[in-house]
Every structure is written in structure tokens, then in C-alpha cells.
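# Structural overview
Chain residues, written in single-letter form:
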Amino acid sequence: MENKRSSWGSNLGFLLAAIGSAVGLGNIWGFPFKMGKSGGFAFLIIYLLLAVFVGMIIMVSELAVGRKTKLSPIDAYQKISKKFKWIGWLATIAPFLIMSFYSVLGGYVMQYIALNLSELSFGGEQIAISGSAAFTAIRTQPFGAVVFTVFFMILCMVIVQGGVDSGIEKFNKVGMPALFVMLVIVIIRSLTLPNAVEGLKFMFVPGYAVAAGYVAEAPDVVSVLGLAGGQMFFSLSLAMGAILTYGSYLGKEENLVKNSVIIVAADTLIALLAGIAVIPASVSYGISQGLSPAEIAGGLGGPGLLFITLQDVFANMGKIGPLFGVIFYALVLIAAISSAISLIETVSAHWIDKDLQKGETDTRKRIVLIVSLLIMIPAALVAADGLGKSSFTPAALMGIQGNVPDVIGDWLDFMDTFSEYLMMPLGAMLMALMIGWELDPSIVLDEVGHGNSSKGFAKFYSLCVKFIVPVVMAFVLAGSLKGNCGGSATMWYIFAGIVLVGFWIFAAVGKKKAEE
Ligand code: TRP
């Protein structure tokens, strides 16, 4: 039975698939816009620290739990933990929620490819459409948005139906190198625009964003921590079962630590490169339009970056603009597909495994179809809502009017807040407490030992998983709750502290019992 379970064709194939899962809208859109929002350099440093001390640790842990159990999240957690077996459900529901808006954004990206293609065929005679005109049109045409969401879902569904090695792995083996080449082309164009250097300074010169007037004041550490923490988890596909699932298809001889380092490094590199592609171009465009630094940062620091500012950048490049538009949005589409397929696989894997255990081996196609159809239900709602342009936003349904917090302002934010900002930090914190305090770090280290056995790593891992990860996650949780729901920082600190201590005790008491 076990040898019928899917597996990767090669370690390289696994790596490209995992990097494909990690590299997505989070890198190309979220990273630059969050960097813009929190003033450049400070965000970068905190992000890098989090990636090494928290991201790496959770990455190794997930891969190890996946490969050790050779199961999908729900069964994997059930098998290793008495007290935390329900995290598996969290790690299956969250990808479902993420897909409900990720597919809509994928559909948007397809619409921008179509738009730039049509401008290309007009040969520059037609005046290129401005970003805000394009985005408003897309948001106020619910039917079109739903149709493109369905297109995107079908594309992803067919790839996942193809199987782990002959669907997912194959797509990434072609898609990831192609994405990289296209990104380099866009970077070259971006950096050769007038005043591009100004954008680089914004990113890499400490304090420059404040000194040059892009942001009024340096943001406080907690807000940046919340923003960078959520971003890091989302970008690395962590704490949501995806990496665990991909790890469950990995062979015993592969080195988990080395693989994790490569995935984290590649994902961070692509995020930085995407920043270098996007930020200098937007700053250059802003200066050419006579915008003030604060206005330029406003265009960078918001969700409009990908769909408004950048479309403006391409629309203002003259004849060649739409061509760069097509290349850019095509690379975003590849990134979105390679991530979406990991989310669909994670949700589907549970039922595929269940059937395998019953001896039914050919049910992947049917299960993936059903999962995709189920995702389409909330996705259609998110698509038709058009980021709050509809009359059925969460706030409207609750009868709340006026200035409402983001989380209930539109359906996309609603899904995003629950999955990215709540379930993800919580999931990571619980996983660390489970491994560090209910079980023992050796559960991961033994598995890691199949392909690597460095003493230094073992010490580093135990320290991080027991102390650093849970505490940092409490800060991230507090920061993201404050950022999304408003209220006072102190209140959210106390809340996150209670959650942390509560689960800490819960985990540690479990351990004592197990030892008795
Ligand atoms: N990492 C992807 C991005 O950066 C999104 C993603 C894919 C994801 N799979 C995931 C996020 C699993 C969390 C969990 O866009």
C-alpha cells in the first residue's frame, strides 16, 4: 500500500516544487508593498532575521513531520500528537481559505495579461489604459471576475490531477526557470528607467525612507514585526500544511536541512529581486509624474501596487510598455499557479490518502475535482465582491456602515485575515509548542538525521523550537491582530501572552503525563 503513495521524481524536482509553492503573489506583490508600507530597510532586516530563526525552523519541522509519517496533515498530526492532533485540521482548512482569494487574484492577473496583450496588438496607437481605470473596471464587473477565477482554477486543477511527479513537479521544472528569466528581463528594464537609483536607495539605505520624506516616521518595531512575520510565513508557505504535504512525498535519503536552507534562500532572493523589479520602476514613474515622496510611497505601500501602479508604469513606457506588461504579468501568473497547486494538493491529499488506505488507488482526479469545485463556492463570493465594491461585503451583511476595519470591509480581506494573520501565526506557535514541549525536539532531529547529523544544528534547533519560535510568534500574533482589527497594542499583547502561556502549559502537562 505504501509504495502506491505518490513521490517526487528527484530531489531537484522536489526543490523546484517547494520553491514554486513558496514563490507566489506573496513575493511579487506582498513583499514590495509591505516593504513600501513600513519604510524599506527596517522591514528587510526584521524579515531576514525572522526567516533564519523562525522560518527555517518551521520549514525543517514540517518537512520532517511529513516525511516521518508519510501522511497528509490531518493524519500526520493525529499520528504524532495526543494533544495537538487538531492542528492538522487547521492546516487543511487554512489552505482552503487561502485558495478562496488566491484564485481570484490569479484571475485578476490573467485579466491584466489579456489587457496588455490587446494593447500590444493595437501597436501603440491606442492609448494604454491607466491602472486605476483597469482596476476599477475589473472590480465592478463581477461576472468577468468570476469567469477568470474559474479559468485559473481549471488550469491549476488539471496540473494537480496530473499527479505529484507528472503534474506538479513537471509544471515547476519548466515554470520556475521561466519565471526567473522573465524576472531578470523586467529587472533590467526597471533599473534602466530614469531615477531608478532612488528606488534602490529607498530599499537598501538605512533611514533613507524617512530622511527623504517617503514615510513620515519610522514605524514601531511591533507593527513591522507583525507585518514581516505574517509575510514571512505566507511567503514560505509555512504553518498551513503545504510544506508538510510536499515533505511527505520526499525520499528518506534526502537532506532536510540543506533543502530547507535552499528553499528559504531562494524564496527570499526572489522576493528581493521582485522588490528590485517593482520598487525602482514605481519610484521612477512617480517622479516622472511629479508626485511627492509621500504620494509615491502611498502607491507602493498598498494593495494597488500590482494592479494600479505597475499597470501605470507599463502604460507610460510607450510602445514597448504592453510587451513588458505581458512578460511581467505572465511571470506573476506562473508564480500564482505554482503556489495555488500546492494549496490544492494540501487540501486534496487527505482524501487521496484515505482512499489509498482503503486500497483505492485511482481517485486523485475525482478528489481534486471535488476540492476545486468546493473552493469555487467562497471564491465566487470573493470574486463577485470585487474587493468591497459589492453590496454584500461582510460589513454590509452585518449591517455596519461607515468606516469599518479592513477585515470586514471586503471578502478578500476577511479570508486573508483569518488564514494569513490568525491561523498562520497560531499554527506555527502551536507546532513549536507541540514539538518542543509536548513531544521532544528529537522527534524532528531523528528524522533529520537520516540525511544529516550535525550537532550544531541540533542545539540551534532545540533552542529555537522551544523558546524563540513560540515567543516571536506571540509578538507576531499581537502585531497582526492590532494591524488588522485595530484597538490598543497593550490589549493584543495581553491576549497573545495569554494564548502563549495557556498553550505552553497545555503542552508541557501533556509531556509529563506521557513520561509517567
Ligand atoms: N507562498 C505563497 C506566496 O507567497 C502562497 C502559498 C502557497 C501559501 N502555499 C501556501 C501560503 C501554503 C501559506 C501556506 O504567495
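This text follows the structure it describes.
Predicted model, so just to flag it, every value in this text is computed and none were measured. (Residues numbered from 1 in each chain as written. Predicted model: local features only at pLDDT ≥ 70, side-chain atom pairs only at ≥ 80, totals over all residues. Heavy atoms only, no water.)

## Structural notes on empty space enclosed by the protein
Summed over all chains, the structure comprises three cavities of 30 Å³ or more. As a volume, the largest cavity reaches approximately 140 Å³. Along the walls of the largest cavity sit 17 residues, with S21, I98, F234, S237 and L343 positioned nearest its centre. Within the residue set of the lining of the largest cavity, elements represented by two or more residues are α1 (11-22), α2 (25-37), α5 (87-121), α11 (221-235) and α16 (321-357). (1 Å grid on protein atoms, 1.4 Å probe; cavity = no way out; pocket = protein on both sides within 12 Å on 5 of 7 lines; lining within 4 Å. Points joined across faces, edges and corners; volume = space filled by probe spheres on them. Helix = DSSP H or I, 4+ residues; strand = E, 2+ residues; numbered from the N terminus.)

## What about the layout of surface pockets?
The space that makes up the largest pocket amounts to roughly 900 Å³. For the largest pocket, the lining is made up of 39 residues, of which F33, K34, K37, D413 and Y421 are closest to its centre. Within the residue set of the lining of the largest pocket, elements represented by two or more residues are α2, α5, α6 (131-139), α11, α15 (304-315), α20 (411-438) and α22 (455-485). Its residues assigned to classes, the lining of the largest pocket comprises 18 nonpolar, 11 polar and 10 charged. In this model, the second largest pocket occupies a volume close to 280 Å³. If you trace the second largest pocket, you find 15 residues lining it, with S6, I352, T361, D362 and R364 closest to the centre. (Nonpolar A, V, L, I, M, F, W, Y, C, P; charged D, E, K, R; others polar.)

## Quick word on a nonpolar patch on the surface
The grouping of I45, L48, L49, V52 and F53 at the surface amounts to a nonpolar patch, some 380 Å² of accessible area in total. Locating F53 in the fold gives a position in helix α3 (residues 41-69). (Patch = residues over 30% accessible without salt bridge, like charges linked within 9 Å, V, L, I, M, F, W, Y side chains within 5 Å. Areas by Shrake-Rupley, 256 points an atom, 1.4 Å probe, with all protein chains shown as cover. Salt bridge = Lys/Arg side-chain N within 4 Å of Asp/Glu carboxyl O.)

## Here we look at the nonpolar core
By size, the foremost hydrophobic cluster in this structure holds 179 residues, and its most contacted members are F233 and F328. Among the elements that make up this core, the one with the highest residue count is α16 (18 residues). Leaving out residues up to four positions away in the same chain, F233 has contacts with V54, I58, L238, A239, M424, A428 and M473. (Core = buried A, V, L, I, M, F, W, Y, C linked by side-chain atoms within 4.5 Å. Buried < 20%, exposed > 50% of the residue type's maximum accessible area, 1.4 Å probe, protein only. Contact = heavy atoms within 4.5 Å.)

## As for unusual backbone geometry
One non-glycine residue, K70, adopts positive backbone phi at about 50°. As for its position among the elements, K70 is in the loop between α3 and α4 (73-80). If you check the backbone angles, N195 has positive phi at about 65° while not being a glycine. In this structure, N195 sits in the loop between α8 (164-191) and α9 (196-204). The partly exposed category is assigned to N195, whose relative accessible area is 43%.

Nothing here speaks to function; it is all geometry.
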